[in-house]
Amino acid sequence: MGKQTALTSFFGRKRAANGEEKVPDGSFRGSQKRGRILDGGDPETLVCWNSNGLGVRLRNERDLKQLSDFVAEHRPDVLCISEARLVAGLEGDEAVQTKIGNPKDRERVREWLSAPPMDEYRCWFSLSSSRYAGTCMLVKEDRVGTPRIKFQLNGESDGQVNSAEPDPTTVHDSDGRIILAEFKSFSLLHTYSPNNGWDEEHFSRRREWDEKIRRFVSMCREKGRPLIWMGDLNVAPEDDDLSHPEWFRSQKSSKHPVPPDPKDRGQPGCTDNERLRLTQVLDCGDLVDVYRVLNPRTEKRPNVEDAVYTWRGTPGVVKNEIGKYYKKGMRIDHALVSRCLLPRAKSVQILGYGADRTNFLGSDHCPILLQLCKEE
């Protein structure tokens, strides 16, 4: 994979003739007709969703309507979207923050963000220079104000940007996998964590990612800064988070040899090493899995059709390497919070269900919704 450059937005910085507002930091507001911007508050309704290609969803009229209807129904204060897979604009080797490579995708996203209910949100993008990964975060400013946004986890050790490292407010993760928002009483980290893959190259990449996250959550704990971490974390913490544990744990790749370390064997997202590193991250950051706290394990396994898995296999496909996942699911999208925030966590809902992926909004992942109480 070649070198990639992640970008904050593909929109310009001036007001267009149609009234769309391009604000100085490269984020996007779809309408001037919005409520009063608050000085700063905490979001209470937070949603994360892996879109499996936002451009693809917006090209499909059914998916587009489902997505807009979903936002209109739940009115989240913050909506985090991962795997946007929108190509950021380039001219030669130089990144251009005001453009996206595909004009049709750019226009579709522009139209989506300019129409109700999306025009009530301010949107930040972190995109790659290829159609790969990428994230965005939409914030309802009339409820929570304008958070400080960063796109990397460096320069954080003393609360100041480290001059020896790239400025995390302007320089992005190379794949556009990170958006960090600072709200009144906590930080919100949205990530699209890399898949563990089947070979040492991908195992190494995932180990480095997990170590970077571990250092960051440790720093947040040391500074006493409460953290919420949401997104597609690409790991099922335990067998209870798999519809078919033995099957997932025994999977092998037809293209790669069996890993020499038994703890790297099995379906990506289900291996012992991934789970061990997640446990270490949670311990170092004093983070808790809100869904599992509010939905304790029981001896009886849930029905595979219930709303308990955030990713589900593709239906109706007969190819061995794809269709074999049909009617199977994993809980790999999460809402993790600092232990001190747990009393404020009212609920975590997995909003999709069933082998045919009801309420998945066209993706292979469904949205999850974290509901918080107000700060006392």
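Residues numbered from 1 in each chain as written. Predicted model: local features only at pLDDT ≥ 70, side-chain atom pairs only at ≥ 80, totals over all residues. Heavy atoms only, no water.

Before going further, it helps to spend a moment on the overall build of the protein chain. Secondary structure assignment for the protein chain yields nine helices and 18 strands. Taken over 376 residues, the protein chain has a buried fraction of 55%. Only carbon and sulfur atoms are counted for the fraction: they give 47% of the accessible area of the protein chain, which is about 16900 Å². (Helix = DSSP H or I, 4+ residues; strand = E, 2+ residues; numbered from the N terminus. Buried < 20%, exposed > 50% of the residue type's maximum accessible area, 1.4 Å probe, protein only. Areas by Shrake-Rupley, 256 points an atom, 1.4 Å probe, with all protein chains shown as cover.)

A few words on the nonpolar core. Of all hydrophobic cores here, the largest spans 33 residues; its most connected members are Val78, Met137, Phe183, Leu188, Ile228, Met230 and Leu370. Ignoring anything within four residues of it in the chain, the contact list for Ile228 reads Phe186, Ser187, Leu188, Leu189, Leu336, Val337, Leu341, Leu370 and Leu372. Grouped together as the second largest cluster of nonpolar side chains are 25 residues, Trp49, Leu58, Ile81 and Leu138 included. (Core = buried A, V, L, I, M, F, W, Y, C linked by side-chain atoms within 4.5 Å. Contact = heavy atoms within 4.5 Å.)

On to empty space enclosed by the protein. Evaluated as defined, the whole model comprises three cavities of 30 Å³ or more. Taken as a whole, the largest cavity encloses approximately 60 Å³ of empty space. Elements with a contribution of two residues or more to the lining of the largest cavity: α5 (200-223) and α7 (272-285). Tallied by class, the residues present in the lining of the largest cavity amount to seven nonpolar, one polar and four charged. (1 Å grid on protein atoms, 1.4 Å probe; cavity = no way out; pocket = protein on both sides within 12 Å on 5 of 7 lines; lining within 4 Å. Points joined across faces, edges and corners; volume = space filled by probe spheres on them. Nonpolar A, V, L, I, M, F, W, Y, C, P; charged D, E, K, R; others polar.)

This part covers the layout of surface pockets. As a volume, the largest pocket reaches approximately 990 Å³. Surrounding the largest pocket, 35 residues form its lining, Tyr192, Asn195, Gln267, Trp311 and Asp364 being those nearest its centre. Among the elements of the structure, α5 and α9 (320-323) are those that each provide at least two residues to the lining of the largest pocket.

Under the criterion given, the structure shown has zero disulfides. Take Cys123: it sits in no disulfide, and the sulfur closest to it among the cysteines is that of Cys136, at 4.5 Å. Of the residues examined, Cys123 reaches a relative accessible area of 0% and is grouped as buried. (Disulfide = S-S within 2.5 Å.)

The buried fraction of strand β7 (residues 122-126) is high, at five of five residues. Residues of β7 alternate between two faces, with Arg122, Trp124 and Ser126 on one and Cys123 and Phe125 on the opposite face, all of them buried.

We now examine the confidence of the model for the protein chain. Across the protein chain, the average pLDDT comes to 86, with 81% of residues at or above 70. In this model, residues 9-24 is a region of pLDDT below 50 whose contacts with residues beyond four sequence positions or in other chains number 51 contacts. Note on residues 156-163: pLDDT under 50 across the span, and 14 contacts to partners over four residues away in sequence or across chains. (pLDDT = per-residue confidence, 0-100.)

Right, let's get into the packing of aromatic side chains. Tallied over the full model, the rule gives four aromatic pairs. Ring plane angle 85° and centroid distance 5.1 Å describe the contact between Trp247 and Phe248, whose orientation is recorded as edge-to-face. What makes Phe248 buried here is its relative accessible area of 0%. Ring geometry for Trp247 versus Tyr325: centroids 5.5 Å apart, planes at 90°, classification edge-to-face. Of this pair, Trp247 sits in helix α6 (residues 245-249) while Tyr325 sits in the loop between α9 and β15 (329-330); the two residues are 78 residues apart in sequence, bridging distant segments of the chain. Given a relative accessible area of 10%, Tyr325 falls into the buried group. Taking NZ or CZ as reference, Lys328 lies 4.4 Å from the ring centre of Trp247, over its face. (Phe/Tyr/Trp six-rings, centres within 6.5 Å; stacked < 30°, edge-to-face > 60°. Lys NZ or Arg CZ within 6 Å of the ring centre and 35° of its normal.)

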